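# Breakdown of the fold
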Amino acid sequence: LSCAEAGYNIRVNSVHPGYIITPLFRKLAAEKNSFEESVSRESMMIPMGRMGMPDDIANGILYLASDESSYVTGSELIIDGGCMIV
């Protein structure tokens, strides 16, 4: 709000990712179990029934960086398959 009130053309938003299949997740999954078993176990805790992919997060960030979100500031974009609502 301080940026908006000062007249700066700066929007401040944050992105909060959930369980995402990343290279680090793949590495840790391989050390503990099979990749498929790890994804299945994690996916059971997510309301949408699947883990996210890096593109899921990138698309949210792309939206916040685009002109389509020019009136969005002070928002928390939660990209977690619904984990925060349960």
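In what follows, the accompanying structure is described.

Rules used in this analysis
Residues numbered from 1 in each chain as written. Predicted model: local features only at pLDDT ≥ 70, side-chain atom pairs only at ≥ 80, totals over all residues. Heavy atoms only, no water. Core = buried A, V, L, I, M, F, W, Y, C linked by side-chain atoms within 4.5 Å. Buried < 20%, exposed > 50% of the residue type's maximum accessible area, 1.4 Å probe, protein only. Contact = heavy atoms within 4.5 Å. Helix = DSSP H or I, 4+ residues; strand = E, 2+ residues; numbered from the N terminus. Expected span 1.5 Å × (residues − 1). Arc of directions from axis to C-beta.

## Description of the nonpolar core
Ile21, Phe25, Ala29, Val39, Ile46 and Met51 together form the largest nonpolar core, which totals six residues. Other than its neighbours up to four places away in sequence, Ile21 contacts Arg26, Phe35, Val39, Met51, Gly52, Met53 and Pro54.

## Focus on the environment of Ile21
As for its position among the elements, Ile21 is in the loop between β1 (14–17) and α2 (23–32). On the accessibility criterion, Ile21 (10% relative accessible area) is buried. In sequence terms Ile21 and Ser69 are 48 residues apart; their C-alpha atoms lie 26 Å from each other.

## Focus: the side chain of Ser38
Here Ser38 shows up in helix α3 (residues 35–43). Of the residues examined, Ser38 reaches a relative accessible area of 2% and is grouped as buried. When residues no more than four places from it in sequence are discounted, the contact partners of Ser38 are Phe25, Ala29 and Asn33.

## A few points about helix α4 (residues 54–65)
Look at α4: 16 Å from first C-alpha to last across 12 residues, which is about the 16 Å you get at 1.5 Å a residue. Within the span of α4, buried status applies to Ile57, Gly60 and Leu64. Down the axis of α4, the sector holding all buried residues measures 60 degrees, keeping them to one side. Along α4, exposed side chains directed more than 90 degrees from the buried face belong to Asp55, Leu62 and Ala65. In the core, the buried residues of α4 are packed alongside β1 and β2 (76–79).

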